[in-house]
Amino acid sequence: MTASVVVVTYRRLERLGEILQAWLRQTPDVWLCDCSKDGFKTNLPVRMARFWPDPGNKTRHAVATLTEGDICIKADDDIMPLPGLVDDFQKWHQKLGPCVTGIHGRTFHGPDYYRDTEMHAAHMQTTPLKVDFLGIITCANRQFLGMDLRGCETPIEDLYWHNLVHRAAPKYVIPTKAYDNKLPESRDALRLCADAPGRTIRREFYTKCWQQGYRTR
């Protein structure tokens, strides 16, 4: 089973070369969706897809369909993959069959995204945990990559993928400790989860999904 990686970025460039290099140590098929204004400069052997003006995180879903791997890992630009992460995704996809997996997930218990969902992290798991939603770093078999991206806005792109288009796909947080999510970039003031307008859009979209029964477990 082969794996591809797609990373999306639009402004957090300081550590991006290190992050891409860490992915390249685990698989040769690494793609960067570069939505930064001036363009990220690198000599690393990554495939580049440049977008400007920035169309948002939907770019990673579009570029994922161009990859060659049997599975495709989609990753944020503020998480450092540690040795063994790609191996862990490959191992669990071989065991679980066609599905979506990730390092961060939520189970849904009610109509409010920020009050009625429960978070689960990969480093806390000993066996795969079936969830309703996955984010931050995800991995999917190819049949769960394609979709119509109209309406897939940045504040809801992961919910759009998992709970609207491919809601029937099994979703699991896998057990792995092979990632570092404590980089300074993951706590910056402009991150999406700290943006009040983005949070409102996300909450409203989730509530609509909940009301229409777009849960996956």
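The preceding data block contains the structure.
What counts and how
- Residues numbered from 1 in each chain as written.
- Predicted model: local features only at pLDDT ≥ 70, side-chain atom pairs only at ≥ 80, totals over all residues.
- Heavy atoms only, no water.
- Helix = DSSP H or I, 4+ residues; strand = E, 2+ residues; numbered from the N terminus.
- Rg over C-alpha atoms; globule rule 2.2 N^0.38 Å.
- Buried < 20%, exposed > 50% of the residue type's maximum accessible area, 1.4 Å probe, protein only.
- Contact = heavy atoms within 4.5 Å.
- Areas by Shrake-Rupley, 256 points an atom, 1.4 Å probe, with all protein chains shown as cover.
- Lys, Arg positive; Asp, Glu negative; His and termini not counted.
- Charge placed at Lys NZ, Arg CZ, Asp CG, Glu CD.
- Core = buried A, V, L, I, M, F, W, Y, C linked by side-chain atoms within 4.5 Å.
- Pairing = 2+ DSSP bridges.
- Salt bridge = Lys/Arg side-chain N within 4 Å of Asp/Glu carboxyl O.
- Axes fitted to C-alpha atoms, helices over the stretch in contact; angles between N-to-C directions.
- Parallel < 35°, antiparallel > 145°, perpendicular 65-115°, else oblique.
- Nonpolar A, V, L, I, M, F, W, Y, C, P; charged D, E, K, R; others polar.

(A) Inspection of the overall build of the chain at higher detail. From N to C terminus, the chain includes 5 helices and 11 strands. Relative to the 2.2 N^0.38 estimate, which gives 17 Å for 217 residues, the radius of gyration of the chain is 16 Å and therefore close to what a compact globule would have. With respect to the principal axes defined by its C-alpha atoms, the chain has extents near 50 × 40 × 30 Å. Buried residues in the chain amount to 53% of all 217 residues. Counting only contacts in the chain whose residues sit at least 6 apart along the sequence, the fraction spanning at least 24 positions is 76%. Carbon and sulfur atoms make up 52% of the accessible area of the chain, which amounts to about 10,200 Å² in all. One way to put it: in the chain the 30 positive side-chain charges average out to a point 4 Å from where the 26 negative ones average out.

(B) Fine view of unusual backbone geometry. Cis geometry marks the peptide bond from Trp52 to Pro53, where omega comes out at 0 degrees. Along the chain, Pro53 falls in the loop between β3 (47-50) and α2 (58-64). One non-glycine residue with positive phi stands out, namely Ile136, at about 75 degrees. Structurally, Ile136 can be placed in strand β9 (residues 133-141).

(C) Molecular detail of the nonpolar core. Ranked by internal contacts, the top residues of the largest apolar core, which has 60 residues, are Trp23, Phe89 and Ile137. Ignoring any residue separated from it by four or fewer positions in sequence, one finds Ile137 in contact with Trp23, Ile73, Lys74, Ala75, Ile79, Leu85, Phe89, Thr101, Gly102 and Ile103.

(D) Highlighting the pairing of β9. Burial runs high along β9: 8 of the 9 residues are buried. Sheet analysis places strand β6 (residues 100-108) next to β9, joined by 6 bridges and oriented antiparallel. Bridge pairing in β9 places Arg106 opposite Phe133.

(E) Highlighting the pattern of salt bridges. Under the defined criterion, the tally for this structure stands at 10 salt bridges. The shortest N-O distance in the salt bridge between Arg12 and Asp77 comes to 2.8 Å. With Arg12 in the loop between β1 (3-9) and α1 (16-24) and Asp77 in the loop between β4 (71-75) and β5 (80-81), this residue pair connects regions lying 65 residues apart in the sequence. A salt bridge links Arg203 to Asp112, with the shortest nitrogen-to-oxygen separation between them at 3.1 Å.

(F) Representation of the packing of helix α4 (residues 157-165) against helix α5 (residues 196-211) in the model. Close contact between α4 and α5 brings their axes to 11 Å; oriented N to C, the two are set at 5 degrees. Taken together, the axes of α4 and α5 lie roughly parallel to each other. Of α5, the residues touching α4 (which contributes Asp158, Leu159, Tyr160, Asn163 and Leu164) are Arg202, Phe205, Tyr206 and Cys209. Partitioned by chemical class, the residues of the contact of α4 with α5 number 6 nonpolar, 1 polar and 2 charged.

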